[in-house]
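Here's the letter readout for the chains.
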Amino acid sequence: MGFSTIHLSEDGWSVDILDQTLLPHEFKTVRLTTMAEAAVSIRDMLVRGAPLIGATAAYGMALAMRQDPSDANLQDAYDRLLETRPTAVNLRWALDDMKAVLKNCAEADRESAAYDRAAHVVLEDNSICFGIGEHGLKLIRDIYQKKGGNAPVNILTHCNAGALATCGLGTATAPIYLAKIDHIPVHVWVDETRPRNQGAALTAWELGRSGIEHSLITDNTGGHLMQHGMVDMCIVGTDRTTASGDVCNKIGTYLKALAAHDNGVPFYVALPSTTIDWTVNDGVKEIPIEERAGEEVTQVRGLTADGTIQTVTVPPVTTCAANYAFDVTPARLVTGLITERGVAPATRDGLKSMFPEQA
Ligand SMILES: CSC[C@@H](O)[C@@H](O)C(=O)COP(=O)(O)O
């Protein structure tokens, strides 16, 4: 990939992250030295994407244990990191995982145990992304062969479920990167993904760096492309997948799934098992949907002709905006869930058979 979303700095204890709010026009690493800074980096979306949020929270716990390894601080760090973003369940998964390891350690051992476990979370995510990539690659290869083996596979994706959202090849993008290595021509339709433009700013940036052919489209274009046979498959990520296969992902994903269903376009969701919330069944009723500041809708940030980065307001300055960050795609609209263990039907039985030890 040529970049790292999160890693331990050379001092061996502080944590370097890529400030994703500045991409694509500025590439800047930020150093986290406290749990509070880790929490802010998640809340303000310097890091974002479900798996990377989890990894940052894990390192946030390590920074907390370095400052004060007491039981009280362990719980305080857990609570403060958990409240940073409500929807991506990887956050809770990583914090639960860290807490389970740390509460069984003597206080004197907690700092080193926390760093070890956080490194494990990062490495595990890397290998999970690769597994998702291998299983998703088979789906892309099948479509390529069905098209006669001489035309690119057109894939639509929403938001950024790429390397930037993870500690590896990404989830939705992993099969795409592996297809390139396998010499399967792929072209990606990149939804710009208002309001924060993760598609335009992040997915376009990372696909471009990797030499993957892509076209940026407005969020409303997908249905038209599907009606005209210009999308062979959709692959998106997820922030929380229910035990019954409902998928909560960036706002607008549901509308893409509806359009895909209406046009017979396969709609796949790529996910690490850490994104499955086994305690939730009905995604629409039970998953908390993050609501963010209206300014994310009313304002747009970008590069001006004179090379400066500026934020401008689009509607009348008095307009109030509603900003729901995620929506839920019911399982019935999902063709398959691409996990690190294989492609599962988006059903309770499908997930159970893939992860029997969890269910
Ligand atoms: C592999 S990332 C999957 C999802 O987290 C991704 O699609 C997404 O919706 C990210 O939302 P964000 O608000 O940028 O954190």
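If you look the chain up in an unreviewed UniProt entry, it shows as Methylthioribose-1-phosphate isomerase from Hwanghaeella grinnelliae. Among the UniProt annotations of the chain, the heading Pathway (unreviewed entry) holds the following wording: "Amino-acid biosynthesis; L-methionine biosynthesis via salvage pathway; L-methionine from S-methyl-5-thio-alpha-D-ribose 1-phosphate: step 1/6." Reading the Sequence similarities (unreviewed entry) entry of the UniProt record for the chain gives the comment "Belongs to the EIF-2B alpha/beta/delta subunits family. MtnA subfamily."

A. The UniProt feature "site: Transition state stabilizer" (unreviewed entry) in the chain, seen in detail. Here the UniProt-annotated "site: Transition state stabilizer" (unreviewed entry) positions come out as C159. The residue C159 is located in the loop between β4 (153-157) and α6 (174-181) in this model. Using a relative accessible area of 7% as the deciding quantity, one classes C159 as buried. Not counting the four nearest positions on each side in its chain, C159 is found in contact with R48, D191, T193, Q198, G199, T203 and K250.

B. How the structure looks around the pattern of salt bridges. By the definition in use, this model includes 18 salt bridges. A salt bridge links D71 to R110; the nearest nitrogen and oxygen atoms lie 2.8 Å apart. With a gap of 39 residues between them, D71 in helix α3 (residues 71-82) and R110 in helix α5 (residues 107-146) connect regions that are remote in the sequence. Note that E296 is salt-bridged to R292, the shortest N-O span being 2.8 Å. Both residues of the pair, E296 and R292, belong to the buried class. Through salt bridges with shared partners, a single ionic network connects R85, R196, E290, R292 and E296.

C. Quick look at the sheet that holds strand β14 (residues 326-329). Taken in spatial order, the four strands of this open sheet run β11-β8-β9-β14, and their pairing is mixed. Each end of this open sheet is capped by a strand with a single partner; those strands are β11 (276-277) and β14. Taken together, the two bridges between strand β8 (residues 240-242) and strand β9 (residues 247-250) define a ladder with antiparallel strand orientation. When the bridges of β9 are listed, T241 appears paired with V247.

Parameters at a glance
- Residues numbered from 1 in each chain as written.
- Predicted model: local features only at pLDDT ≥ 70, side-chain atom pairs only at ≥ 80, totals over all residues.
- Heavy atoms only, no water.
- UniProt positions renumbered as here; feature names shortened; annotations may be inferred.
- Helix = DSSP H or I, 4+ residues; strand = E, 2+ residues; numbered from the N terminus.
- Buried < 20%, exposed > 50% of the residue type's maximum accessible area, 1.4 Å probe, protein only.
- Contact = heavy atoms within 4.5 Å.
- Salt bridge = Lys/Arg side-chain N within 4 Å of Asp/Glu carboxyl O.
- Pairing = 2+ DSSP bridges.

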